[in-house]
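# Structural description and commentary
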Amino acid sequence: MPDTSPPDPHVIRLMDASLNRASEGARVVEDYARFVLDDAHLSRLGKELRHGIAAAGATLPMADRLACRNTPGDVGTAITTASESQRADAADVCNASLGRLQEALRSLEEYGKTIDPALGAAFERLRYDAYTLAAGLGTTERGRNRLGDARLYVLIEAGPSDEAFEQLTESLCAAGVQVLQLRDKRLDDRRLVERARIMAAVCRRHGVVSIVNDRADIAVAAGADGVHIGQDELTVADARSVVGPGRLVGVSTHRIEQARAARLAGADYLGVGPTFPSTTKSFADFPGIDFVRQVAAEITLPAFAIGGITAENISEVVAAGLRRVAVGAAVTGASDPAAAVRSLREALGAPVGGEGSSG
Ligand SMILES: Cc1ncc(COP(=O)(O)OP(=O)(O)O)c(N)n1
Ligand SMILES: Cc1ncsc1CCOP(=O)(O)O
Ligand SMILES: [Mg+2]
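An unreviewed UniProt entry lists the chain under the name Thiamine-phosphate synthase, with Botrimarina colliarenosi as the source organism. Entered under Function (unreviewed entry) in the UniProt record, the comment concerning the chain runs "Condenses 4-methyl-5-(beta-hydroxyethyl)thiazole monophosphate (THZ-P) and 2-methyl-4-amino-5-hydroxymethyl pyrimidine pyrophosphate (HMP-PP) to form thiamine monophosphate (TMP)." Taken from UniProt, the Sequence similarities (unreviewed entry) comment for the chain reads in full: "Belongs to the thiamine-phosphate synthase family."

Listed below in structure tokens is the structure:
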């Protein structure tokens, strides 16, 4: 701390109150991530934020804080609003605490500057950490709301004609696919958008989520529900700038750091793989079932294991902790794709048949 006049006791009193608000708010948010979401990743971020607040606050000795504290004389304790005492559910409690946490950090940042610019900067960094934590919580809630109990996600190609494509899409939706992705690297844009329009229309009729692979522009033009992007394609932010907040952005991930980053960047769901050798796409290396286990253990954003998944090995995915899978050849290469869908849904423990999730 620069060698200046002693801090204003009013500022110490004020920052004492905001330090309490910030650390208490961080604890409430951390409790939600830990005990309601069972989300180790967000719990850890909440704990790190709480410890960061304590470390920055240590600049103000607790003895000085207590000497300047005057709770009996605090005029604010008598000021209450109706909304403060109303909380609909645990998510509402968490969101209210996120707001208080961010406000307290802003107050600490601004008044901290009167003591030491570096102190203000430290609370500014913590404020941005709080925004990131809020984004992670928000995208998780949004992704879980949008994808509901969607467990079976199938990737299909454009096929030989619009008619054949529509028949396949109709058959898979009626059999119980819950998310359908058009993935075709050979088609020109005009035929791709036409197939995507067909898929989106059929999926809408069945309450199935429609996703276009790679191409955010085609997803929007076709009226699909979202886009799926890989690690070497548009960033989540760029894809979001095209599809907007109302559509889904799914992200392929191959290691835990990518899964954590995609979630904090605003992804609505994750592809997790490749899990087993795939006849649809070749890969240099396999994160395999261990990566499925890693994601299942710490990230509660909807995550679909992908890569070579079949009726024979799907039980390994479920045992590793994920109940959502994305499948290509095991369905589209089957002699009876609809029967393959029903068999996979049964293995996932979701009701067989049905039109798809509410998502
Ligand atoms: C649900 C889902 N998960 C992963 C992928 C793979 O996407 P990507 O890594 O971009 O590879 P391509 O499919 O584009 O070859 C996916 N498409 N869908
Ligand atoms: C596109 C993609 N990305 C990882 S695996 C894969 C292919 C999934 O298809 P299949 O289920 O046939 O292996
Ligand atoms: Mg891709």
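Moving on from the model shown.
A full pass over the atoms with the stated rule returns 0 disulfides. Among the cysteines around Cys203, which has no disulfide bond, Cys173 carries the closest sulfur, lying 4.1 Å off.

With that settled, consider the site of ligand 2. Around ligand 2 sit Arg183, Ser278, Thr280, Phe283, Ile306, Gly307, Gly308, Val327, Gly328 and Ala329, and those are all the residues in its vicinity. Here an oxygen atom of ligand 2 and a backbone polar atom of Gly308 are 2.7 Å apart. Isolated, ligand 2 exposes 370 Å² of accessible area, and the fraction of that covered by the protein chains is 92%. A breakdown of the residues in the shell around ligand 2 according to their chemical character gives 4 nonpolar, 5 polar and 1 charged.

Looking at where Ala311 falls in the secondary structure, it is placed in the loop between β7 (303-306) and α12 (314-320). Residues Ala311 and Gly76, 235 residues apart in the sequence, show an inter-C-alpha distance of 62 Å. Those residues in contact with Ala311 that lie beyond four places of it in its chain are Ser343 and Leu344.

Another aspect to go through is the coordination of the magnesium ion (ligand 3). Every protein donor of the magnesium ion (ligand 3) is listed here as Asp214 (OD), Glu233 (OE) and Glu233 (OE), and their distances to the metal cover 2.0 to 2.6 Å. In this pair, Asp214 is assigned in the loop between β3 (209-213) and α8 (216-222) and Glu233 in the loop between β4 (226-229) and α9 (236-243), connecting sequence segments 19 residues apart.

Looking now at the UniProt feature "binding site: 4-amino-2-methyl-5-(diphosphooxymethyl)pyrimidine" (unreviewed entry) in the chain. On the UniProt side, "binding site: 4-amino-2-methyl-5-(diphosphooxymethyl)pyrimidine" (unreviewed entry) is annotated at positions that read Gln181, Leu182, Arg183, Asp184, Lys185, Asn213, Ser252 and Lys281 here. Within the fold, Gln181 resides in strand β2 (residues 179-182). The class for Gln181 is buried, based on a relative accessible area of 3%. Those residues in contact with Gln181 that lie beyond four places of it in its chain are Tyr153, Val154, Leu155, Ile156, Met199, Ile211, Val212, Asn213, His228 and Tyr269. Structurally, Ser252 can be placed in strand β5 (residues 248-253).

Right, let's talk about the packing of aromatic side chains for a bit. A full pass over the atoms with the stated rule returns 5 aromatic pairs. Centroid distance Tyr128 to Tyr131: 5.9 Å. Interplanar angle 65 degrees. Geometry classified as edge-to-face. Residue Tyr128 and its partner Tyr131 are both found in helix α5 (residues 117-147); the two are separated by 3 residues, about one turn of the helix. Overall, the relative accessible area of 41% leaves Tyr128 in the partly exposed class. Taken together, the ring pairs in this structure connect Tyr153, Tyr269 and Phe304 into an aromatic cluster. Arg127 extends its terminal NZ or CZ atom over the ring of Tyr128, reaching a point 4.9 Å from the ring centre.

With parallel pairing, the 8 strands of this closed barrel are ordered in space as β1-β2-β3-β4-β5-β6-β7-β8. Pairwise comparison of adjacent strand axes, ignoring direction, gives a mean angle of 25 degrees for this sheet. As paired elements, strand β1 (residues 152-156) and β2 share 4 bridges and run parallel to each other. Following the sheet pairing, Ile156 is matched in β2 by Leu182. Across the sheet, helix α10 (residues 256-264) is in contact with β5 and β6 (269-272); its angle to β5 comes to roughly 165 degrees.

Here we come to the confidence of the model for the chain. Residues at a pLDDT of 70 or more form 96% of the chain, whose mean pLDDT is 93. In the predicted assembly, ipTM is 0.97 and pTM is 0.91.

Every second residue of β6 is oriented toward a common face, with Tyr269 and Gly271 on one face and Leu270 and Val272 on the other, all of them buried. Bridge count for β5 against β6 is 4 bridges, and the pairing is parallel. Residue pairing in the sheet places Val251 in a bridge with Leu270 of β6. Each parallel crossover has a hand, and the one from β5 via α10 to β6 is right-handed.

A few words now on the site of ligand 1. Among the 15 residues in the neighbourhood of ligand 1, the closest are listed as Arg183, Lys185, Asp214, Ser252 and Lys281. A distance of 3.3 Å separates an oxygen atom of ligand 1 from a polar atom in the side chain of Glu233. A distance of 2.7 Å is found between an oxygen atom of ligand 1 and a side-chain nitrogen or oxygen belonging to Ser252. A total of 430 Å² of accessible area belongs to ligand 1 in isolation, and the protein chains cover 93% of it.

About the criteria used
Residues numbered from 1 in each chain as written. Chains lettered and ligands numbered in written order. Predicted model: local features only at pLDDT ≥ 70, side-chain atom pairs only at ≥ 80, totals over all residues. Heavy atoms only, no water. UniProt positions renumbered as here; feature names shortened; annotations may be inferred. Disulfide = S-S within 2.5 Å. Near = heavy atom within 4 Å. Polar contact = N/O pair within 3.5 Å; in protein donor to acceptor, adjacent residues only side chain to side chain. Areas by Shrake-Rupley, 256 points an atom, 1.4 Å probe, with all protein chains shown as cover. Nonpolar A, V, L, I, M, F, W, Y, C, P; charged D, E, K, R; others polar. Helix = DSSP H or I, 4+ residues; strand = E, 2+ residues; numbered from the N terminus. Contact = heavy atoms within 4.5 Å. Donors = N, O, S within 2.8 Å, 3.2 Å for Na, K, Ca; no water. Buried < 20%, exposed > 50% of the residue type's maximum accessible area, 1.4 Å probe, protein only. Phe/Tyr/Trp six-rings, centres within 6.5 Å; stacked < 30°, edge-to-face > 60°. Lys NZ or Arg CZ within 6 Å of the ring centre and 35° of its normal. Pairing = 2+ DSSP bridges. Axes fitted to C-alpha atoms, helices over the stretch in contact; angles between N-to-C directions. pLDDT = per-residue confidence, 0-100. Right-handed = clockwise from strand over helix to strand, strands pointing away.

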